[in-house]
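# Notes for the structure review
What follows is each chain in one-letter form.
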Amino acid sequence: AALKGADTYWYRTPPTITADFDDSLSGVDDTTREYKVNNGTWQAYASAFVAAEGDNNYYFRAADLCSNMSSSTPTPLNVKVDTQAPDPSSSLPAAD
């Protein structure tokens, strides 16, 4: 389920992210499928995974069977997850 935020949606429950890789000529080398979160390091993409808490951008890339590595996705997949309730606090002014 998604909640409408300021301009985008926030998920209450982390969604599962699935990526499809396609190369109509030589085909995709499945051992080269990768993703990264924000400015992190590239990680092997073996199967769908659950989105992380927070406002994150996911990038994907792969090589074809001729070893041509794609650029990362030009527009990242932006996923916003907030599973935490607000942390209320209160205080009283010091007594005189």
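These numbers were taken from a predicted model, which means no experiment stands behind them. (Residues numbered from 1 in each chain as written. Predicted model: local features only at pLDDT ≥ 70, side-chain atom pairs only at ≥ 80, totals over all residues. Heavy atoms only, no water.)

### Considering the confidence of the model for the protein
For the protein, mean pLDDT is 87; residues scoring 70 or higher make up 92% of the total. Within the protein, strand S6 (residues 49-50) carries the highest mean pLDDT (96), whereas strand S1 (residues 2-4) carries the lowest (48). (pLDDT = per-residue confidence, 0-100. Helix = DSSP H or I, 4+ residues; strand = E, 2+ residues; numbered from the N terminus.)

### Here's the deal with the side chain of Arg33
Relative to the elements of secondary structure, Arg33 occurs in the loop between strand S3 (16-17) and strand S4 (34-37). It is Asp30 that comes nearest to the buried, bridge-free Arg33 among opposite-charge side chains, at 4.1 Å. Reaching out from Arg33, the side chain makes a polar contact with the backbone oxygen of Ala46 at a distance of 3.2 Å. Not counting the four nearest positions on each side in its chain, Arg33 is found in contact with Phe21, Val28, Gln43, Ala44, Tyr45, Ala46, Arg61 and Ala62. (Buried < 20%, exposed > 50% of the residue type's maximum accessible area, 1.4 Å probe, protein only. Lys, Arg positive; Asp, Glu negative; His and termini not counted. Salt bridge = Lys/Arg side-chain N within 4 Å of Asp/Glu carboxyl O. Polar contact = N/O pair within 3.5 Å; in protein donor to acceptor, adjacent residues only side chain to side chain. Contact = heavy atoms within 4.5 Å.)

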